[in-house]
Amino acid sequence: MRLGSGTFAACCVAIEVLGVAVFLRGFFPAPVRSSARTEHRAEPPAPEPSAGSSSNWTKLPPPLFSKVVIVLIDALRDDFVFGSKGVKFMPYTTYLVEKGASHSFVAEAKPPTVTMPRIKALMTGSLPGFVDVVRNLNSPALLEDNVIRQAKAAGKRIFFYGDETWIKLFPKHFIEYDGTTSFFVSDYTEVDNNVTRHLDKVLKRGDWDMLILHYLGLDHIGHVSGPHSPLIGRKLSEMDGVLMRIHTALLSKERETLLPNLLVLCGDHGMSETGSHGASSTEEVNTPLILISSAFERKPDPGFEQFKVSEKMHGNWIKLYLEENNSEVLFNLGTKVLRQYLDALKNLSLSLSTQVAQYDIYSMMVGTAVVLEVLTLLLLSIPQALRRKAELDVPLSSPVFSLLFYLMFLVLSAIHVIVCTSAESSCYFCGLPWLAACGVMALISALLCAIMSVLTKMFVRGSLPSKNPAHPNSGWSELDLLMVFGTVGHVLSLGASSFVEEEHQTWYFLVNTLCLALSQEIYRSYFLRDDGEPQCCFHVEQGFAGATPALQDRTGCDTREPDRVHMSSSLSEVLRGCEKWMVLASPWLILACCRLLRSLNQTGVQWAHRPDLGHWLTSSDHKAELSVLAALSLLVTFTLVQWGCSPVSKAALALGLLGVYCYRAAIGNVLFPWQQDNRDISKGIIEARFVYVFILGILFTGTKDLLKSQVIAADFKIKTVGLWEIYSGLVLLAALLFRPHNLPVLAFSLLIQTVMTKFIWKPLRHDAAEITVMHYWFGQAFFYFQGNSNNIATVDISAGFVGLDTYVEIPAMFLTAFGMYAGPVLWASHLVHFLSSEASSGSALRHACFCYALIGSVPVSVYIILVTSLRYHLFIWSVFSPKLLYEGMHLLVTAAVCAFCTAMDQTSRTKA
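Just so we're clear, the structure is a prediction, and the values are computed from it rather than from any experiment. (Residues numbered from 1 in each chain as written. Predicted model: local features only at pLDDT ≥ 70, side-chain atom pairs only at ≥ 80, totals over all residues. Heavy atoms only, no water.)

Caption draft 1: Focus on the nonpolar core. Membership of the largest hydrophobic core comes to 151 residues, with the highest contact counts inside it found for Trp777 and Phe778. The element that contributes the greatest number of residues to this core is helix 37 (residues 843–869), accounting for 15 residues. Counting 37 residues, the second largest nonpolar core, distinct from the first, contains Tyr215, Leu250, Ile290 and Ile292. (Core = buried A, V, L, I, M, F, W, Y, C linked by side-chain atoms within 4.5 Å. Buried < 20%, exposed > 50% of the residue type's maximum accessible area, 1.4 Å probe, protein only. Helix = DSSP H or I, 4+ residues; strand = E, 2+ residues; numbered from the N terminus.)

Caption draft 2: View of the environment of Ser497. Structurally, Ser497 can be placed in helix 23 (residues 497–501). For Ser497, a relative accessible area of 15% puts it in the buried group. For Ser497 and Phe880, which are 383 residues apart along the polypeptide, the C-alpha to C-alpha distance reads 7.0 Å. With residues near it in sequence (within four places) discarded, Ser497 still touches Phe875, Val879 and Phe880. (Contact = heavy atoms within 4.5 Å.)

Caption draft 3: The arrangement of the sheet that holds strand 5 (residues 176–180) in detail. Read across the sheet, 7 strands follow the order 3-8-7-2-6-4-5 without closing on themselves; strand pairing throughout is mixed. Edge strands, defined here as strands with exactly one partner in the open sheet, are strand 3 (102–108) and strand 5. For this sheet the average axis-to-axis angle between neighbouring strands, irrespective of direction, equals 10°. Relative to strand 6 (residues 210–215), strand 2 (residues 68–73) runs parallel, the two sharing 6 bridges. Of the residues in strand 6, the one forming a bridge with Ile73 is Tyr215. (Pairing = 2+ DSSP bridges. Axes fitted to C-alpha atoms, helices over the stretch in contact; angles between N-to-C directions.)

Caption draft 4: Looking closely at the pattern of salt bridges. Applying the stated criterion across every chain, the model contains 16 salt bridges. The residue Lys235 makes a salt bridge to Asp192 at a minimum N-O spacing of 2.8 Å. Of this pair, Lys235 sits in helix 12 (residues 230–253) while Asp192 sits in helix 9 (residues 190–196), placing them 43 residues apart in sequence. Residue Arg689 pairs with Asp805 through a salt bridge whose shortest N-O separation is 3.5 Å. In this pair, Arg689 is assigned in helix 31 (residues 685–711) and Asp805 in the loop between helix 34 (768–785) and helix 35 (809–820), connecting sequence segments 116 residues apart. By relative accessible area, Arg689 is classed as partly exposed at 40%. (Salt bridge = Lys/Arg side-chain N within 4 Å of Asp/Glu carboxyl O.)

Caption draft 5: The arrangement of the environment of Ser272 in detail. Inspection of the secondary structure puts Ser272 in the loop between strand 7 (262–266) and helix 13 (282–285). For Ser272, a relative accessible area of 6% translates into the label buried. Taking C-alpha positions, Ser272 is 8.9 Å from Thr794, a pair spaced 522 residues apart along the chain. Ser272 has contacts with Arg77, Pro227, His277, Glu283, Glu284 and Ala793, leaving out every residue within four places of it along the chain. A polar atom in the side chain of Ser272 sits 3.0 Å from the side chain of Thr274. (Polar contact = N/O pair within 3.5 Å; in protein donor to acceptor, adjacent residues only side chain to side chain.)

Caption draft 6: View of the state of the cysteines. A complete count under the given rule lists 1 disulfide for this structure. Two residues, Cys420 and Cys430, share a disulfide whose sulfurs are 2.1 Å apart. Looking down the S-S bond of the Cys420 and Cys430 bridge, the torsion is -85°, so its handedness is left-handed. With a gap of 10 residues between them, Cys420 in helix 20 (residues 403–422) and Cys430 in the loop between helix 20 and helix 21 (434–461) connect regions that are remote in the sequence. Of all cysteine sulfurs, the one in Cys515 lies closest to Cys594, which takes part in no disulfide; the gap is 5.4 Å. Relative accessible area serves as the criterion here: at 1%, Cys594 is assigned to the buried category. Of all cysteine sulfurs, the one in Cys849 lies closest to Cys898, which takes part in no disulfide; the gap is 4.0 Å. Since its relative accessible area comes to 0%, Cys898 is described here as buried. (Disulfide = S-S within 2.5 Å.)

Below, the structure written as structure tokens:
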């Protein structure tokens, strides 16, 4: 069966998504938990009583406290309570910590530091599974044994007010509750007032045993404004007042009861320096834990008991110190004791981690097999996929009727039966219906047969792949070698935790090196012939069949010639006026833009704490400068995008960008010229929805033009305009979701695309594969220019709630994902438009789709092998696992890009 290379690549990526999904489900299994007892009275067997006594094992221990109040303040960092901010904004809490009846600790939260896994850890006393970071958006009921379940089984009456995640985790456990939406981050006032309004009424009543309060305002302020916002201090003062009200009420109630009450102040996680959370930095994992009760009254000499314990532990060493004068012996013994303690702690930690979270190796192996087979098939298909016709023979019928297929299917079925019947732990793949499992095994067998078929044909023909399969004599240029070795080097770097944490440095280096290589290619084409003699003209490379008619007329060359040829005319005749100087200067202009963007957002781990231009702009003292920069960026965006739009779309784009500025002014990020203060700050819902109307209108107009181009086959311009309008609609959406200090990233992205289109790709005639790799590299670089990293804490979830007055799951997830991957998506959209408008044969789109699928498949395929081998690495949950989630999400983006390329290619083929 013959398929276009683009269609073949899109199908391969879709299958690869399935394989990665199975691998992720095996790599992030449900953690092993202690099962809840079905009956409260069911207890383990009692120990054998000693002679003359009876066992009291079955008796419940007497309660230590009458009532318990748990106050959980979301994203409460330890320095917010124990640091200078605590002294200034939480004086009552500070007094209780220093002089009151309390015990205070700094609790360390294990990654992922997001709300739902941390609640599960607090209530179950066990480590959460890393997959819970994905489930955080839609929390399932907690089935493991936990404090809430046991309290309810003991007849305790539990009240809850706050984050509705608790209600999802513990359904039907609370006698009275009132949940608040946890994901609407722009609200930090009403979300806490809805909790506090119940306090006076509940504290006066005595019909409860446990009261749980989960305040979200502090976390929301962090996401929107960061940990150094003036709003943080106000919120801490508000929380200090709440604690004082609760504590005084509990003290007054103790006169009526025989037992003291307990007040617990804690945080589920901390807050990074950018205001987010999810990773393992010190600011995100260290949270305060304060136990307040009259039972903890301070006694004289509080360090005496601790001293006695220390005295017993170091007794032997002190005795040797008094008896032995040899300092070397003392030092060696002390070093040995210290090493033994550290080794014991390390082994206990490793043992606990192994018992709490077990890997589903079988599911991981199945997913890995699918992914590696797809990658192998893509690599073997390069010679056929990149030919002029961009078509290849896909062996679909031969595997079905081959003996190898049935043998492989039977072997895999036997392995599946053996594994699923002998596995002691639960396995996700074994839990699938037999029909689905057989379908996956048949897919693996078919892919293997297809690989064998392609290998057989290659050995029979004895052909080796060349740079351009359409022309075996074509060689590899220096630019081609840079792209190949750069891609391979990036993939190999993923095996080191430091390179994963600082991956942005890799992409910055690659795009800068690419600019230098382009500069060298331009100057060599300008000054030298192929034989090394001076010549003031460009040589043209056959990139894809067909070229822009205007450039054909200007150059006078036949661009369908297979090899690079010299242009007979001089450079002054090819590019007139200042245009030739722009060609020579364009790589250096791009380098300057990239250097400016690097200074905008510090990312990664090593230098993330250092101040950057983004911090300077977002400070309250420089709001005027930020406003001017945002306005200029929006103006540049309109100038660079409007040229390819219809008049109606131009007007919609202008009004939409104006609405973007109005939205940011409404929420207080920027200022209007006549605005002197922030008294009129609102949520900006009306302004954001105003922009959404224009976004949908532009996207609708572009889609209409694309559908119209299928009917009117002769009008090629309609399709070009339709693609550009879809691209401009995505640009407008990115401008709305980007924070004001990141709008220059969008403007520079459009500027670089314009410069490379006009002064590099068109004059030098790069082929579709090279242009695709360039788009991919710059898309990856702009992902990090936005301030993103492989750290979950850099996910800007506030983008998911622009224009929403309540939490709606699907739109919030889509907007958050688009806001994060706007760079790669916009560069991929520009790639589709550029190749569709420049190529007349349609093979360029198929070549681009195949190359994009290949370059996106290599990293994820290699990385799943790396994380499998490093699954017991010290940084597996803090470094490698977040990167695995990012790779999975990036593969989804790649699949969407390939699907869009295939759709555009099918449109071109239908017209032809």
